[in-house]
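Summary of the model geometry
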Amino acid sequence: MTTMTNATPETDHAPAARVRAGAFRPRQLLRSLPDALRKLDPRHQIRYPVMFVVWVGALATTVLAIAHPSLFAWSITVWLWATVVFANLAESVAEGRGKAQADSLRKARTTAMARRLHGDDTEESVPGTALEVGDLVVVEAGEVIPSDGDVVDGVASVDESAVTGESAPVIRESGGDRSSVTGGTRILSDRIVVRITAKAGETFLDRMISLVEGSARQKTPNEIALNLLLASLTLIFLLAVVTLQPFAVYSGQAQPLIVLVALLVCLIPTTIGALLSAIGIAGMDRLIQRNVMALSGRAVEAAGDVDVLLLDKTGTITLGNRQAVEVVPAGQVTEVELAEAAQMSSLADETPEGRSVVVLAKERYGMRLLFHDQLPTATFVPFTAQTRMSGVDVQTHSGLRQIRKGAASAVMAWVRENGGHPTADVGEAVDSISASGGTPLVVAEQRGDGPARALGVIHLKDVVKSGLRERFDELRRMGIRTVMITGDNALTARAIAAEAGVDDYLAEAKPEDKMALIKAEQAAGRMVAMTGDGTNDAPALAQADVGVAMNTGTSAAKEAGNMVDLDSNPTKLIEVVAIGKQLLITRGALTTFSIANDVAKYFAIIPAMFAGLYPQLDRLNLMGLSSPESAMLSAVIFNALIIVALIPVALRGVRYRPRGASAMLRGNLLVYGVGGLIAPFVGIKLIDLVVSLLPGF
Amino acid sequence: MPVALAAVLQVGFLVLLLAAVHVPLGNYMAGVYSGKRHLRAERAVYRIGGIDPDSDQHWSVYARSLLAFSAVSILVLYLLLRLQAYLPLSLGMTGLAPDGAWNTAVSFVTNTNWQWYSGESTMGHLAQMGGLAVQNFLSAAVGIAVAIALVRGFARQGTDRIGNFWVDLVRGTVRILLPIAFLAAIVLVIGGAVQNFDGAREVTTITGEPQSIVGGPIASQEAIKNLGTNGGGFFNANSAHPFENPTAWTNLVEIFLLLVIPFSLPRTFGRMVGNHRQGTAIVSVMATLWLAAVTITTWAEMRGFGTVPGAAGGAMEGKELRFGPAASALFGASTTGTSTGSVNSFHDSYTGLGGGVTLLNMMLGEVAPGGVGAGLYGMLVMAVLAVFLAGLMVGRTPEYLGKKIGRKQVTLVALYILTMPTLLLAGAAITAASPALVDASVQESGPHGLTEILYAYASTVNNNGSAFAGFGANTPYQNTALGLAMLFGRFVPIALVLALAGSLASQRKVSETTGTLPTHGPVFVGLLGFVVLIVAGLTFFPALALAPLSEALL
């Protein structure tokens, strides 16, 4: 069965851009109840126009029920208040999930003293909160870093678990792209001098706390637009209900106010109105759970709109260093001879590439592992930018043996200078390795005063991370193009791009090229996302619509981006995009559901309202509801309960699979549009069966 | 031939004809509004008006030009009607009273053609030709101009200019409406419609009684009445009158005329935005809604619930024998679907269901296919709404034709969608709430009477102009209130649409990817049709339940 075989790999590969479901336990509802009741305060309610109308309606029916008590009036009143409380509950539960995290962060926020340095190298002890931007402080092993800053002197290992949750210590050192430290983290070893970059109360930790608590949450552009639409729908329904009374009077049967209020509350989009704020908070929360701090809500939405992902090759697409994968001997030379020479030349080479040559020689060709101090007669020739090669000179019985390893042109030149003639097969091997995206290193030797000769070529290869191709395929289905940015030449870039499955690449890229690419994409109407960590990434991070800065990066990069990834995992950008999309989809789906619900509510309430006047309208009572009172109450109860039923969906987000827009629209319309039409017919009927058992209904 | 087969063939023929014509006509109209050349006659107009035809306008200037032009038009027409007695070709008719003149002036300038009066006993030839017919051309050209301005909003990018109102007005009149109306008038004359300059002629009929028979420039007015989706008849009986609409085949010609521009404009839209599939999607929604309305009305009228209709083979009250129920229902569904409002039968006498469909057709906001221009811009606004509602469900900020639907666009669309129901429901509710107003105007009691009130306000707010005959509109209150309904129902949405056009034109286009919500194809067509129906349905269901629905379910 093809469907089954297709399904298996999906579950095996941790599905890339699929969003994990956040946990939701019914107990949370109960725990959030007191907070939900506190939110009945009208000053809170007025911020949400749809729910405010319900609040006013509930107040009105309360007055009416007190004036003319009846079971019907009180039942409607109680359920209208319940509708408001359920809406508050949704928001409280969403907020509650961030509270625990905020508390643990607060513990890390330092109140410790800081050792401020003066120009004359004297120290003074000041409270951490008194620090100002530009101050220099000294931090030593065991101490907590008092505020955000950049290391200007020294190197230290830092425990950042308070912020990132990752217990393995990280290295922070002055200069370079790993210089930023976060207030509240602890130095484990050594001593550093930090220049403070954040004012008290505005540190990264402070921002994180307000972010997870939801207190800093501002409505995002789409949310504002949706709120506007919901408010105008509410107005339309208000109008329809208000004008219904004169028509009813004209027809000869005025309606009780309580019935009109019930009709109004059922029609206005309470479901989405109640859940909108919870959806927004939960969306942010999903990012936080993945250790991504979105510094603006706008960025989360923008993530859903991204058309182009710019991915740095190194660290994102490849493992970050090239590795030797084979040796290609030239002429009469055997592979073992070549491997031996390559190993010798690399013994003192501490770069990852150099070490990988030694590893290859040992693993593939069974060479005994040598250490460079085991060759007392050897003199190592270090790599320089001028010679572009490194090597070793060894005294042997037959005289001096010089081995050189390096860029093809440099080593070939060395061979010619020393009387040799590189054979044609070396050039061919070099070209074929380059064409495949690898980096060729030519190895040559000169024994005594004889002519130098090229021994062969080492094939260095970028190792592409596994599982990326599938992720890029998913992105492509979502309509997102991936562009790999690399400093490599075009040939190498093309080969790696093809292997990783990205759509495009930018080769020999300088920081300004990256910037130009972003601007060009934006000019063509596309939204661009990128990750970066270095100071020279900062302008591009600021220019991109979504810029995710790595937490290990510089303060400049973290300032410029609109998100910070605490795990410093560039591939996470893909998840961020998925979360952004899921947020928008959840809003759209619940809006559609909410509006589609109204059809059934009309069919429940309108025949009930005018049953006495026009008995023929009972033919619209498709659900066969037992009595007019029961019909109205059942619609109101359904309207309230559906909010509670959908809280888990609002918090988790609707199920999201990366696929094309057409398929996604079709699927979601079917579930939330058609489902929204049908569900209340069933729900109201079931509630009616229960309500009709009550006396008086 | 069985009647049912005849009905199907008639609709089928019309559909084929429209399908054939809408492509060349739509392309031609796109060319008219995109071209750089000016005709000599147009140049003369621009010179007289002091207009620079090559300069584009900011949306607010476009809107101001349009509103100023319409205000002057209302004033001129008002004076012409008031002073009729002192002007030539009055045929001895007196000037109109202030409330009546106001109502009629607004009615014709807003493309509504709501008529509280009988044309043959109120209007002289100058008022008919120099006043009403002129506005039949100009108000139609204004409608198309607004639609074109909105289309430019989608087609252009990074500009604050949406075209030149005066150029659009002149070109629409000179290059589209005049030539087609001219041809159509000749066809109608061939079909037997009257065209002369006679006044009333006294004749003695075969029973020996004297009768006054009115002639006049009828065929020429008939052509633009339908082509421009105006609807104001030369005679009170409108297209039911044999001088306006003599035979079954002129009837079909008239239906074709009132549908042809609204059904062709989506093609113009597709061409101007450079993607014909977008136009096809819009026209598909319009055609589906129109066909559904035609089918239900025809079925209701031919089925003719009740004893008498059963015996007559259909609900024949208020219908002409030469047309029969099917051709009447086709006309009725088309004229209310296009905001034309001309009638060949009396909607008041339709069955509860058939009459209800004509009412609902207007309550949809006149988008199936709607008035000239108004239908397209109305449907595009609904498309923006549909895109916003469903667009979120594909996980992106909603965008239509590469333009993002953000806060500003949603605000304008929301106000547009609020305007019509507010005016309609408030207007109808005020009349229904006042026993004095009910006594003065409403003939029937019970659901039918309520339908009459709702119909009057639905017809005027949506600039349709047809009437549910039982409603006596000629009272100072109704003349004034319905005049206001027409005025605001026309120009508030137009101002909002132009603002929307401006906000769209200034945006840069977002590129389309497989992640973009596709706005063509069956899923979107179904969605848009559903949004149109549900917006109107949710707004008007309570009112409809008390009026035509209660009647239809009896």
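Residues numbered from 1 in each chain as written. Chains lettered and ligands numbered in written order. Predicted model: local features only at pLDDT ≥ 70, side-chain atom pairs only at ≥ 80, totals over all residues. Heavy atoms only, no water.

1. Quick notes on the packing of aromatic side chains
The criterion, for reference: In this analysis, rings of Phe, Tyr and Trp, with Trp reduced to its six-membered ring, are considered paired at centre separations within 6.5 Å, and the interplanar angle assigns stacked below 30 degrees, edge-to-face beyond 60, and tilted for intermediate values. Helix and strand assignments come from DSSP, with helices taken as H or I runs of at least 4 residues and strands as E runs of at least 2, each series counted from the N terminus. In this scheme, a residue with accessible area under 20% of its type's maximum is buried, one over 50% is exposed, and one in between is partly exposed, where area comes from a 1.4 Å probe on protein chains only. As a reminder, the over-ring test applies to NZ of lysine and CZ of arginine, requiring each to be within 6 Å of the ring centre and within 35 degrees of the ring normal.
Applying the stated criterion across every chain, the model contains 17 aromatic pairs over all chains. Arranged with centres 5.7 Å apart and planes meeting at 75°, the rings of Phe263(B) and Trp290(B) form a pair that is edge-to-face. Pair noted here: Phe263(B) is in helix H9 (residues 248-272) and Trp290(B) is in helix H10 (residues 276-303), with a separation of 27 residues, a long-range link. Take Trp290(B): its relative accessible area is 2%, and that puts it in the buried class. Here a set of aromatic residues connected by ring pairs shows up, and it is made of Tyr602(A), Phe603(A), Phe681(A) and Phe541(B). Directly above the aromatic system of Phe204(A) lies the positively charged group of Lys558(A), at a separation of 5.4 Å from the ring centroid.

2. Here we look at the sheet that holds strand S8 (residues 186-187) of chain A
Note the following rule: By this definition, two strands are paired if DSSP reports at least two bridges between them.
Strand order in this open sheet of three strands is S6-S5-S8 (chain A), and the pairing throughout is antiparallel. The sheet is open, and its two edges are formed by strand S6 (170-173) and S8 of chain A, each paired on a single side.

3. A look at the environment of Ile605(A)
Residue and element names in this part refer to chain A. Applied cut-off: Contacts between residues were defined by any pair of non-hydrogen atoms, one from each residue, lying within 4.5 Å.
For Ile-605, the location among the structural elements is in helix H22 (residues 573-609). Of the residues examined, Ile-605 reaches a relative accessible area of 1% and is grouped as buried. Between the alpha carbons of Ile-605 and Ala-262 there is a distance of 9.0 Å; along the sequence they are 343 residues apart. Sequence-distant contacts of Ile-605, defined by excluding residues within four places in its chain, comprise Leu-263, Cys-266, Met-632 and Ala-635.

4. Considering the interface of chain B and chain A
How we decide: Buried area adds together the accessible area that both of two parts lose upon being put together, with accessible area traced by a 1.4 Å probe. Think of a salt bridge as a Lys or Arg side-chain nitrogen and an Asp or Glu carboxyl oxygen that are within 4 Å of each other. The definition of a polar contact used here is a pair of N or O atoms within 3.5 Å, where within protein one atom must be able to donate a hydrogen and the other to accept one, and adjacent residues in sequence count solely through side-chain atom pairs. Here the nonpolar group is Ala, Val, Leu, Ile, Met, Phe, Trp, Tyr, Cys and Pro; Asp, Glu, Lys and Arg are the charged ones; every other residue, Gly included, is treated as polar.
Across the boundary between the two partners, chain B contributes 63 residues, which contact 61 residues of chain A. Contact between chain B and chain A buries roughly 5100 Å² in total, counting both sides, with carbon and sulfur atoms accounting for 75%. Looking at the side of chain B facing chain A, the largest losses of area belong to Met393(B), Leu538(B) and Leu546(B), adding up to 15% of the total buried there. The salt bridge partner of Arg396(B) is Asp307(A), with a shortest N-O separation of 3.0 Å. Counting across the interface, chain B meets chain A through 14 residue pairs in polar contact (both at pLDDT 80 or more). Per-class residue counts for the side of chain B that touches chain A are 41 nonpolar, 16 polar and six charged.

5. Observations concerning the side chain of Asn113(B)
Residues and elements named next belong to chain B. Turning to its location among the elements, Asn-113 is positioned in the loop between helix H4 (98-109) and helix H5 (119-122). Polar contacts involving the side chain of Asn-113 include one to the side chain of Asn-136, which spans 3.0 Å. Leave out the neighbours within four places in its chain, and Asn-113 touches Ser-107, Phe-108, Asn-136, Asn-230, Gly-231, Gly-232 and Gly-465.

6. Digging into the domain arrangement of chain A
Residue and element names in this part refer to chain A. To keep things clear, this is the line we draw: Where each domain begins and ends follows an automated or database-derived domain assignment.
On domain assignment, one finds that chain A holds domain 1 (26-100 + 212-287 + 578-634 + 650-692), domain 2 (132-197), domain 3 (308-317 + 465-566) and domain 4 (321-463). Each of domain 2 and domain 3 was reduced to a C-alpha centroid, and the two centroids are 28 Å apart. Every contact between the two is made by 13 residues of domain 2 and, on the other side, ten residues of domain 3. Where domain 2 abuts domain 3, roughly 790 Å² becomes buried across the two surfaces, and 40% of that area is made up of carbon and sulfur atoms. Sorting the residues of domain 2 by area buried against domain 3 places Thr-164, Asp-177 and Ser-180 first, and these three jointly supply 51% of that buried surface. Counting every contact that joins domain 2 to domain 3 gives zero salt bridges. The interface formed by domain 2 and domain 3 holds two residue pairs in polar contact (both at pLDDT 80 or more) in total. When contributions to the side of domain 2 that touches domain 3 are tallied by element, the ones reaching two or more residues are strand S4 (149-153) and helix H6 (161-164). For the side of domain 2 that touches domain 3, a count of residues per class yields one nonpolar, seven polar and five charged.

7. Some thoughts on the UniProt feature "active site" (unreviewed entry) in chain A
Residues and elements named next belong to chain A. For clarity, the cut-off: UniProt positions are given in the numbering used here, feature names are shortened, and annotations may be inferred rather than shown by experiment.
Per the UniProt annotation, the sites labelled "active site" (unreviewed entry) are Asp-312. Beyond its immediate chain neighbours, meaning those up to four positions away, Asp-312 contacts Ile-317, Ile-485, Lys-514 and Thr-531. Within the structure, Asp-312 has its side chain in polar contact with the side chain of Lys-514 (distance 3.2 Å).

8. A word on the UniProt feature "transmembrane region" (unreviewed entry) in chain A
Residue and element names in this part refer to chain A. Within this numbering scheme, the UniProt entry marks residues 48-66, 72-90, 224-245, 257-283, 599-617, 632-651 and 663-687 as carrying the feature "transmembrane region" (unreviewed entry). For residues 257-283, the helix share is 93%, the strand share is 0%, and the end-to-end C-alpha distance is 39 Å. Spanning residues 663-687, this segment combines 100% helix with 0% strand, and its end C-alpha atoms are found 34 Å apart.

9. Focus: the pairing of S4(A)
On a regular strand, each side chain points to the face opposite its neighbour's, so the side chains alternate between the two faces of the sheet. Residues and elements named next belong to chain A. Note: S4 against strand S7 (residues 180-181), two bridges, orientation antiparallel. Residue Asp-150 lies in a different strand from S7, and its bridge partner there is Ser-180. With four bridges joining them, S4 and strand S9 (residues 191-196) adopt antiparallel strand pairing. When the bridges of S9 are listed, Gly-149 appears paired with Ile-196.

10. Section: unusual backbone geometry
For the bond running from Ala368(B) to Pro369(B), omega is -5°, close enough to zero to count as cis. Of note in the backbone geometry, Asp190(A) takes a positive phi value of approximately 65° without being a glycine. Relative to the helices and strands, Asp190(A) is located in the loop between S8 and S9. Here Thr229(B), not a glycine, exhibits a phi torsion of approximately 45°, which is positive. Residue placement: Thr229(B) occurs in the loop between helix H8 (218-227) and H9. By relative accessible area, Thr229(B) is classed as buried at 0%.

11. So, the environment of Gly354(B)
Residue and element names in this part refer to chain B. Topologically, Gly-354 is positioned in helix H13 (residues 352-363). Here Gly-354 falls in the buried class, since its relative accessible area comes to 0%. Sequence separation between Gly-354 and Ser-441 is 87 residues; the distance between their C-alpha atoms is 23 Å.

12. Topic: the pattern of salt bridges
The tally for this structure, following the rule as stated, stands at 43 salt bridges over all chains. Among the ionic pairs, Asp504(A) bridges to Arg481(A), the shortest N-O distance being 3.5 Å. With Asp504(A) in strand S19 (residues 504-506) and Arg481(A) in strand S18 (residues 481-485), the pair connects residues that are 23 residues apart, well separated along the chain. The exposure class assigned to Asp504(A) is partly exposed, which follows from its relative accessible area of 33%. A relative accessible area of 25% means that Arg481(A) is categorised as partly exposed. Here the salt bridges share partners, and the residues they tie into one network are Asp305(A), Asp307(A), Arg396(B), Glu399(B) and Lys404(B).

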